[in-house]
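Spelled out from the first residue to the last, the chains are:
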Amino acid sequence: MAEPMRIRATLQGDVADVRILMRHPMETGQRKDAKGEVVPVHFIQSVVVTHNGKTVLDAQWSQAVSRDPFLGLRVKGAKAGDKITVTWIDNKGDRRTDESTVAASS
Amino acid sequence: MDHKRRAFVRVAAGALAVSGLLKAGSAGAASWNKPGFESKAFGDAVKNLGAANMIESKDIAITAPDIAENGAVVPIAVTSRIPNTESISVVAEKNPFPLAATFDVSNGAEPYASVRIKMGQTSNVRAIVKADGKFYTAAKEVKVTVGGCG
């Protein structure tokens, strides 16, 4: 069900500026639908970003992260063509992994 | 698809093993801080982060709007200039569940994280940085015109 992430990694010197856009409803469990019933809590709990297979960022989230989450990070010592892999897991156990390569600065 | 999943399992297992070696005693990758995220009061959230003795620091920069018109999407960026920063947590003090996110950085990631969060009302946004086992903090007030928790 999960839609692909958009991952952009651009070199600035030897630092890769990584921007990730995920598609997820990030329900807080506090919102009510049109019938007045509480929409069950549903959010991404864990995001792991790897650079050439090594974990660079291990994030834990609550339902306070906005819908369709944006995540930005910077990886030192990166080179053009390096592999960036992102995996998220939500509170229902759904997961998605996408990868991208670091692009040279334009 | 299936072999991709297996590849991920392998990578994840490797990551777990590596992080387990590096930070012996800590819970390891992808363990969700349940008590912290389920804390309803700011003080409890801080305690459950283990940051009760945190020190105010000028070496943490929080980039956030002064006024957020839409509380559902408040962009927050945190940069730490504290050496050996291990993790950065973002806390919205007056949210129903104040702890919004924790970012563990390693293997060359800069002590920086950018994320968008929901805020129920005007409140301090606090960054809590763990470095060399100690906790440091800085805060910035964000005025919220329309809350984003409903």
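Residues numbered from 1 in each chain as written. Chains lettered and ligands numbered in written order. Predicted model: local features only at pLDDT ≥ 70, side-chain atom pairs only at ≥ 80, totals over all residues. Heavy atoms only, no water.

Q: Can you help me understand the interface of chain B and chain A in this one?
A: It is common to report an interface's size as the accessible area lost on association of the parts. Across the contact, 35 residues belong to chain B and 33 residues belong to chain A. With both chains or domains summed, chain B and chain A bury close to 3,100 Å², and 52% of this area falls on carbon and sulfur atoms. The tally of links between chain B and chain A comes to zero salt bridges. Across the contact surface, chain B and chain A share 21 residue pairs in polar contact (both at pLDDT 80 or more). Every element with two or more residues in the side of chain B that touches chain A is listed here: α1 (2-22), β6 (99-105) and β7 (112-117) of chain B. In terms of residue count, the dominant contributor to the side of chain B that touches chain A is β6(B) (seven residues). (Contact = heavy atoms within 4.5 Å. Buried area = accessible area lost by both parts, 1.4 Å probe. Salt bridge = Lys/Arg side-chain N within 4 Å of Asp/Glu carboxyl O. Polar contact = N/O pair within 3.5 Å; in protein donor to acceptor, adjacent residues only side chain to side chain. Helix = DSSP H or I, 4+ residues; strand = E, 2+ residues; numbered from the N terminus.)

Q: Looking at this structure, I do not really get the side chain of Gln60(A). What am I missing?
A: One can find Gln60(A) in strand β4 (residues 54-61). Gln60(A) gets classed as buried once you look at its relative accessible area, which sits at 9%. Polar side-chain contacts of Gln60(A) include one of 3.1 Å to the backbone oxygen of Ser31(B). A distance of 2.8 Å separates the side chain of Gln60(A) from the backbone nitrogen of Asn33(B), its partner in a polar contact. Setting aside chain neighbours within four positions, we find Gln60(A) in contact with Gln45(A), Ser31(B), Trp32(B), Asn33(B), Phe37(B), Ala100(B), Ala101(B), Thr102(B) and Asp104(B). (Buried < 20%, exposed > 50% of the residue type's maximum accessible area, 1.4 Å probe, protein only.)

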